[in-house]
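# Results of the structural survey
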Amino acid sequence: MQEIEQIILDHEELIKKAIFKLKIYRDFDEYMQVGRIALWKAVKNFDKTKGDFAMFAYMTVKFAIARELSKSNDVSQNEIAVEDEVFSNIEEQSIVQPCLEWPEWFNDLKEEEQFLLKALFLENLNLKEIAEKYDLPYEALKKRRQRLFTKIRTMVNQRK
């Protein structure tokens, strides 16, 4: 049996084909890694009496990537729901009170994180407007917002 590194190199195109077939265009490296792990599992579980390794490996890789994609989508949906829930009170307060009082966890955030929250909820800007107004990359702002909301969620849960 070949070394697993060589098998992965030999079947790199198979993983890329599965990613392309599933129409995944972002987080490519992450899904490549999922595919490599699935390929390793396929090597361990392959039974020569049951057919061709390439097809078995392809299906194993494709299903592993699809499962990971499904998990990723579930997490994204939950994050969006929690974002709405966590910040609905802030939005309501900003409408009622011109002078917004931030929660205690707000001071624990970095200056750039505070800036992003203020731009989103005090200035009521969306990410594209923030990117244009402050000349920041839109994709970077999306990642920062996602990490920020995850951080806030963690902070709020720890204080409960």
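Conventions used here
- Residues numbered from 1 in each chain as written.
- Predicted model: local features only at pLDDT ≥ 70, side-chain atom pairs only at ≥ 80, totals over all residues.
- Heavy atoms only, no water.
- Helix = DSSP H or I, 4+ residues; strand = E, 2+ residues; numbered from the N terminus.
- Buried < 20%, exposed > 50% of the residue type's maximum accessible area, 1.4 Å probe, protein only.
- Areas by Shrake-Rupley, 256 points an atom, 1.4 Å probe, with all protein chains shown as cover.
- Expected span 1.5 Å × (residues − 1).
- Contact = heavy atoms within 4.5 Å.
- Patch = residues over 30% accessible without salt bridge, like charges linked within 9 Å, V, L, I, M, F, W, Y side chains within 5 Å.
- Salt bridge = Lys/Arg side-chain N within 4 Å of Asp/Glu carboxyl O.
- Axes fitted to C-alpha atoms, helices over the stretch in contact; angles between N-to-C directions.
- Left-handed = near helix turned anticlockwise from the far one by under 90°.
- Lys, Arg positive; Asp, Glu negative; His and termini not counted.
- Charge placed at Lys NZ, Arg CZ, Asp CG, Glu CD.
- Phe/Tyr/Trp six-rings, centres within 6.5 Å; stacked < 30°, edge-to-face > 60°.
- Lys NZ or Arg CZ within 6 Å of the ring centre and 35° of its normal.

### Some thoughts on the overall build of the protein chain
The helix and strand inventory of the protein chain stands at seven helices and zero strands. Ordered by position in the sequence, the α and β elements of the protein chain form the string α-α-α-α-α-α-α. Within the span of the protein chain, comprising 160 residues, buried residues form 31% of the whole. For the protein chain, the exposed area adds up to about 11,300 Å²; of that, 51% sits on carbon and sulfur atoms.

### Some points on the environment of Ala 64
Residue placement: Ala 64 occurs in helix 4 (residues 53-96). Sequence separation between Ala 64 and Tyr 31 is 33 residues, and the spatial gap between their C-alpha atoms is 9.2 Å.

### What to know about helix 3 (residues 28-45)
Between the first and last C-alpha of helix 3 there are 25 Å, a value that for 18 residues agrees with the 26 Å anticipated at 1.5 Å per step. Among the residues of helix 3, those classed as buried are Tyr 31, Met 32, Val 34, Gly 35, Ala 38, Leu 39, Ala 42 and Val 43.

### Some points on the side chain of Glu 113
With respect to the helices and strands, Glu 113 occurs in helix 5 (residues 111-122). Once residues lying within four places of it in the same chain are set aside, the contact partners of Glu 113 are Leu 148 and Lys 151.

### Digging into a nonpolar patch on the surface
Together, Met 55, Met 59 and Phe 63 make up an exposed nonpolar region whose accessible area comes to about 300 Å². Tracing the backbone shows Met 59 in helix 4.

### Some details on the packing of helix 5 against helix 6 (residues 127-134)
Where helix 5 meets helix 6, the closest approach of the two axes is 10 Å, and the angle between their N-to-C directions is 115°. The chirality of how helix 5 crosses helix 6 is right-handed. Contacts between helix 5 and helix 6 involve Phe 115, Leu 116, Ala 119 and Leu 120 on the former and, on the latter, Leu 127, Ile 130 and Tyr 134.

### Regarding the environment of Val 43
Mapped onto the secondary structure, Val 43 falls in helix 3. A residue is classified by how much of its surface remains accessible, and Val 43, at 14% relative accessible area, is buried. As for Val 43 and Phe 53, which are separated by 10 residues in sequence, their C-alpha atoms are 8.2 Å apart.

### Notes on a positive patch on the surface
Side chains of Lys 41, Lys 44, Arg 67 and Lys 71 sit close together on the surface and give a patch of like positive charge. Those elements that place two or more of their residues in the positive patch are helix 3 and helix 4. When you line up the elements, Lys 44 lands in helix 3. The class for Lys 44 is exposed, based on a relative accessible area of 56%.

### Concerning the packing of aromatic side chains
By the definition in use, this model includes three aromatic pairs. Taking 4.8 Å as the distance between ring centres and 80° as the angle between the ring planes, the aromatic pair formed by Phe 115 and Tyr 134 counts as edge-to-face. Taken together, the positions of Phe 115 in helix 5 and Tyr 134 in helix 6 put the pair 19 residues apart, joining distant regions of the chain. Judged by its relative accessible area of 30%, Phe 115 is partly exposed. Given a relative accessible area of 30%, Tyr 134 falls into the partly exposed group. Each residue in the set Phe 46, Phe 53 and Phe 56 is aromatic and connected to the rest through ring pairs, giving one cluster. Taking the ring centre of Tyr 58 as reference, the NZ or CZ of Lys 17 above it sits at 5.7 Å.

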